[in-house]
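Listed below, chain by chain, are the residues.
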Amino acid sequence: MRNHLFLIVAAALLVFACTPKQEEPLTRDFDPPIMGWSSWNHFHTDISEEVICGQADALISLGLADAGYKYVNIDDGFTDGRGADGRIIIDTVKFPNGMKAIADYCHSKGLKAGMYSDAGDNTCASLNVKPYGLGVGLYGHEVEDCKMMFDEWGYDFFKVDNCGGRHLDLNEQEQFTKIAEAIAQCENKNVNFNVCRWVFPGTWVIDIADSWRTTHDIWVNWETLKTIIKENMYLVAYTGNGHYNDMDMLEIGMGFKPEEERTHMACWCIQSSPLVVGCDLNNMPDYSIEFLKNPDLIAMDQDRLGIAAPVVQKEGETYVMAKDMERRNGPKRAVVVANLGDEEITINVDVTALGFKGKVDVYDCFKHENRPELSDAFSLTIAPHDSEAFFVSGKRTDKSVYQVEEAFLNAYTEINEQDYEAYRRPYEIPSPRIRESAAADMGFYATELGGWEENWLEWRNVYVSKAGDYALSFRYACKDARNMVVSVNGAEASLLGSLNTGSDLEWQDVNIKVKLEKGFNTIRLSNPASQMPDIDCMTVKKM
Ligand code: GLA
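What you see as residue numbers is a count from 1 along each chain, following the sequence as written. Only residues with pLDDT of at least 70 get local features here, since the model is predicted, and only at 80 or more are side-chain atom pairs given and counted; chain-wide, interface and lining totals rely on the full set of residues. To get the side-chain values, all heavy atoms of the structure are used, and hydrogens and water are removed first.

**Notes on the packing of aromatic side chains**
Centre distance within 6.5 Å is the pairing criterion for rings of Phe, Tyr and Trp, where only the six-membered ring of Trp is used; planes under 30 degrees apart are then read as stacked, over 60 as edge-to-face, and the remainder as tilted. Tallied over the full model, the rule gives 19 aromatic pairs. Ring geometry for Phe200 against Tyr238: centres 4.5 Å apart, planes inclined by 25 degrees, an arrangement best described as stacked. With Phe200 in the loop between β7 (192-195) and α9 (205-208) and Tyr238 in the loop between α10 (222-233) and β9 (244-246), this residue pair connects regions lying 38 residues apart in the sequence. Neither residue differs from the other here; Phe200 and Tyr238 are each classed as buried. Put simply, the rings of Phe200, Trp212, Tyr238, Phe408, Tyr412 and Trp456 touch in pairs and so form one group of aromatic residues. Seen from the ring of Tyr402, Lys399 lies directly overhead, with NZ or CZ sitting 5.0 Å from the centre. A ring has a charge above it when a Lys NZ or an Arg CZ is no more than 6 Å from the ring centre and no more than 35 degrees off the ring normal. The cationic tip of Lys542 hangs over the ring face of Tyr470; the distance from NZ or CZ to the ring centre is 5.2 Å. Every helix listed is a DSSP run of H or I at least four residues long, and every strand listed is a run of E at least two residues long, numbered separately from the N terminus. Working definition: with a 1.4 Å probe on protein chains only, accessible area under 20% of the residue-type maximum means buried, over 50% means exposed, and in between means partly exposed.

**Some remarks on the sheet that holds strand β8 (residues 211-213)**
By this definition, two strands are paired if DSSP reports at least two bridges between them. Read from one edge of the open sheet, eight strands run β9-β8-β7-β6-β5-β2-β1-β10, paired in parallel fashion. Every other strand in the sheet has two partners, leaving β9 and β10 (275-277) as the edge strands with one partner each. Across the sheet, the mean angle from the axis of one strand to that of its neighbour is 25 degrees, orientation sign disregarded. For strand β1 (residues 35-38) and β10, the ladder comprises three bridges, and the chain directions are parallel. Paired with Trp37 across the bridge in β10 is Val277. Any pair of residues with heavy atoms lying within 4.5 Å of one another is described as a contacting pair. Only the stretch in contact is used when fitting a helix axis, every axis being a line fitted to C-alpha atoms; angles between N-to-C directions are given from 0 to 180 degrees. Each of β1 and β2 (71-73) is contacted by helix α3 (residues 49-61), which is oriented at about 160 degrees to β2, the strand it contacts most. In the packing of helix α5 (residues 100-108) onto the sheet, the strands contacted are β2 and β5 (112-118), and the crossing angle to β5 comes to about 150 degrees.

**Digging into unusual backbone geometry**
Positive phi values are uncommon outside glycine, yet Asp248 reaches one of about 90 degrees. Mapped onto the fold, Asp248 is located in the loop between β9 and α11 (258-270). On the basis of relative accessibility, which here comes to 3%, the residue Asp248 falls in the buried class. Even without being glycine, Glu448 reaches a positive phi, approximately 55 degrees.

**Topic: the state of the cysteines**
The disulfide criterion used throughout: a pair of cysteine sulfur atoms within 2.5 Å. Considering all chains together, one arrives at one disulfide under this definition. Not part of a disulfide, Cys478 finds its nearest cysteine sulfur in Cys537, a span of 15 Å. Overall, Cys478 belongs to the buried group, its relative accessible area being 0%.

**Quick notes on the sheet that holds strand β15 (residues 356-364)**
If you trace the six strands from one edge of the open sheet to the other, you get β11-β12-β13-β18-β15-β16, paired in antiparallel fashion. If you trace the sheet from one side to the other, it starts and ends with β11 (311-315) and β16 (369-370), each paired once. With seven bridges connecting them, strand β13 (residues 332-339) and strand β18 (residues 387-396) associate as antiparallel partners. Bridge pairing in β18 places Ala338 opposite Ser387. In the packing of helix α13 (residues 295-302) onto the sheet, contacts are made with β12 (318-324), β13, β15 and β18, and the angle to β18 comes to roughly 60 degrees.

**Overview of the domain arrangement of the protein chain**
Looking at the assigned domains, one finds that the protein chain contains domain 1 (2-25 + 401-542), domain 2 (38-301) and domain 3 (311-396). Throughout, the edges of the domains are those of an automatic or database domain assignment. Put simply, the middle of domain 2 and the middle of domain 3, counted by C-alpha atoms, are 31 Å apart. Tallying the contact residues gives 21 residues for domain 2 and 26 residues for domain 3. Where domain 2 abuts domain 3, roughly 2,000 Å² becomes buried across the two surfaces, and 63% of that area is made up of carbon and sulfur atoms. Put simply, buried area is how much 1.4 Å-probe accessible surface two parts lose in total, over both of them, once they are put together. When the area that domain 2 buries against domain 3 is broken down by residue, the three leading residues are Arg262, Ile270 and Asp296, summing to 30%. Any carboxyl oxygen of Asp or Glu that lies within 4 Å of a side-chain nitrogen of Lys or Arg is treated as forming a salt bridge with it. For the salt bridge of Arg262 with Asp386, the shortest nitrogen-to-oxygen distance reads 2.7 Å.

**So, the pattern of salt bridges**
Pairing between side chains becomes possible if they bear opposite charge and their charged atoms approach one another. Under the counting rule described, the total for this entry stands at 25 salt bridges. Asp75 is the salt-bridge partner of Lys159, the closest N and O atoms lying 2.8 Å from each other. One end of the pair, Lys159, is in strand β6 (residues 157-161); the other, Asp75, is in the loop between β2 and β3 (79-82), with 84 residues separating them in the sequence. With relative accessibility at 10%, the residue Lys159 sits in the buried group. Under the relative-accessibility criterion, Asp75 is labelled buried at 4%. Linked by salt bridges that have partners in common, Lys226, Lys230, Glu317 and Glu436 make up one network.

**Notes on the nonpolar core**
Residues grouped as a nonpolar core are buried Ala, Val, Leu, Ile, Met, Phe, Trp, Tyr and Cys residues, joined through side-chain atoms within 4.5 Å. Residues Tyr69, Phe158, Met300, Trp459 and Phe474 are the most contacted members of the largest nonpolar core, which totals 135 residues. Counting 17 residues, the second largest nonpolar core, distinct from the first, contains Val312, Val349, Phe378 and Leu380.

**With respect to the site of the ligand**
Lining the immediate environment of the ligand, one finds Trp40, Asp75, Asp76, Tyr116, Cys124, Ala125, Lys159, Asp161, Cys196, Trp198, Arg213 and Asp217. We call two N or O atoms a polar contact when they sit within 3.5 Å, provided that within protein one can donate a hydrogen and the other can accept it, with sequence-adjacent residues counted only if both atoms are side-chain atoms. Between the ligand and Asp76, the relevant distance is 2.7 Å, taken from an oxygen atom to a side-chain nitrogen or oxygen of the residue. At a separation of 3.1 Å, an oxygen atom of the ligand approaches a polar side-chain atom of Trp198. All accessible areas in this document rest on Shrake-Rupley with a 1.4 Å probe, and a residue is counted as covered only by the protein chains that are shown. Isolated, the ligand exposes 310 Å² of accessible area, and the fraction of that covered by the protein chains is 93%. Think of it this way: one heavy atom of a residue within 4 Å of a molecule or strand is enough to make that residue near it.

**Details of the pairing of strand β24 (residues 468-478)**
Pairing between β24 and strand β27 (residues 503-516): ten bridges, direction antiparallel. Residue pairing for β27: Gly468 is matched across the bridge by Leu516. The pairing of β24 with strand β29 (residues 534-542) spans eight bridges and is classified as antiparallel. Bridge assignment links Tyr470 to a residue of β29, and that residue is Lys542.

**Regarding a positive patch on the surface**
A cluster of basic residues, Lys357, Lys395, Lys466 and Lys542, forms a positive patch at the surface. Secondary-structure assignment places Lys466 in the loop between β23 (457-464) and β24. Any residue with relative accessible area above 30% and no salt bridge may belong to a patch, with like charges joined within 9 Å and the nonpolar Val, Leu, Ile, Met, Phe, Trp and Tyr side chains within 5 Å. Note that His is not counted, nor are the chain ends; the positive residues are Lys and Arg, and the negative ones are Asp and Glu. Charge positions come from single atoms, namely NZ of Lys, CZ of Arg, CG of Asp or CD of Glu.

**Some remarks on α10**
Spanning twelve residues, α10 covers 17 Å between terminal C-alpha atoms, matching the ideal 16 Å at 1.5 Å per step. Burial runs high along α10: nine of the twelve residues are buried. Within the sequence span of α10, burial applies to Trp222, Thr224, Leu225, Lys226, Ile228, Ile229, Lys230, Asn232 and Met233. Its side-chain oxygen 3.0 Å from the backbone nitrogen of Glu223, Asn221 forms the N-cap of α10. To estimate how far a helix should reach, multiply one less than its number of residues by 1.5 Å.

Next comes the structure, spelled out in C-alpha cells:
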C-alpha cells in the first residue's frame, strides 16, 4: 500500500515535471482596434436617420457585420446649434426621432453606435463654405455632452476632432485629458475614445485614448494613401496594449484601383489600425466587399497582441513590414510587402530579415493558401501600388537590427512641427523629429533628441534567447561632438562621449558591450544636458 502511494505520488510529480511551461493563453486582455463604418467620407454632412440606418442594414446584409464591422459611427452634421439651456439641438429635419433612436436601432441589430464632437467650440464642418457645427463643440460642456451622448443616448464610441480647439488655441493635452475625464464620469463604461488631431499628438494621448488619428484626412488619391502608410511606419512603438494609431477611414470602395485597395487594406491591417469603412455601402464594387471581408487580413488586424509592424527590408519604394502574431517572439508572424513605387518590382524577401532561421511556411493572405516553396528567401513580383500579405511560420532567430522607427521616443509629438510650419509659431519645447533619408537604414532617422530630461528614446522589446554579453552598435551622425548615455533595463551602462561624424548626414557606428537578460530587455538612449547625435538604428550581437 505504501509502495503504491509512493508510485502514485512519483508518477504525479513526473507528469507535473513533464508538462511544458504553460504558454500565454490565446485570449486578449484588451479591446482590439474597432471595426465599422463612418458617415463622413462619402456622405459628409448629408446624413439623416434614413442614411445611417440604411448603412447599418447594409453592414448586416453584406456580411460585413459578421466579419467584425460592428460600429456605425455618425460623424459631423447632426446638430443645429446649442440651446439657451446649453444643450445641443439636434437637426430634426435629418433626425426626426433624435439621436437615441439611432443608437437603439443599431443595438437592436447587434451593432454598436458612434458619436462625434470637437474639443473646442466648433466642429470641423464650421470651416466648410457653408458653415455648420458652430458652437456645438465640447469646450465648456464636456461633462453634460458626454452624459447626454453616452448615458442618455447610449452611444459606444466617441471621435473628437480639434478644429474648434485650434480655433480657440487650446492646450491640446489639457483639453483632451479633460474630455477623457468627462467620459470617465459617465455610467457607461464602454465608450471607445478616438482623438482626431491629424498628426501624432504626443505620447500623452496613449494614456487617455483608445486610438488617435496620425495624419491628415484620407481621400481617393494615391499620393495621400502612400503618405499615410509611410508616416505610420515610424509610429509603431505607440500602438499596443489596446491603444492604436488610427490611419483614418478605409476609402475602399470609393474609386481606388483594385491593387491600391489591396495595399490600403493590407497596410491598415499589418499596423493594427481601426478598420472603419468610409464608403456608401450600398454602392461599391464586389471586389471591394471581398477585400474588406478578407478573414486573414482581419485576423492580422485584430490579432490579440494588437501591435504594429516596423519595416524590416526595403528596396527602393518597396517596404517589407513584419509583426508577431498571437505570441511575442512566437513562431508565427504577419508580413506585408508593399510596392509604393510606380514600377513593377521583383523582390527576394529575406527570411532572416523577417526574423526566421532556415525554411519557413508561407501562407498567402489574399489567395488563402500556402505557397508551394519553403526556402530561405522567396521571390515576389509586385505590380506598381500593389501589395502581398502573408503569415509566415518557422523557427525564430533573435532580431539583430532595431530601427529608430520602432523606438519609443518619449517626447515625440508632431503638433509643434505642424503648427510651426502652418502658423510660423515658435517651438515651445524642442521635440524629436523623424526625417526621411535615402542614407538611413530603412529610410528614416531620428533627430533633435536629448537636451532635456524627458527627451529620450527606448527600444522596449529587445529580445534575446540567451542571457549574456552582447555588443550593441548604434548608427549615429552629428557634425559636432555630442554625448549619449546608454541604459539597459533601467541601469546606466555607459556614457558614449565625444561622438562626432563631422556631418549631419555622415553615418558611423559606435559599439559597447552590455549584459542582456534572457527574454525582453529595454535599452534607452538619453542625454538630459545637451543634444544627442541623430540616431538611425541599433544592432544587437551575441559576443
Ligand atoms: C475633420 C476630420 C474628418 C471629419 C471632419 C468632419 O476633417 O479629420 O475625419 O471628421 O473633420 O467635419
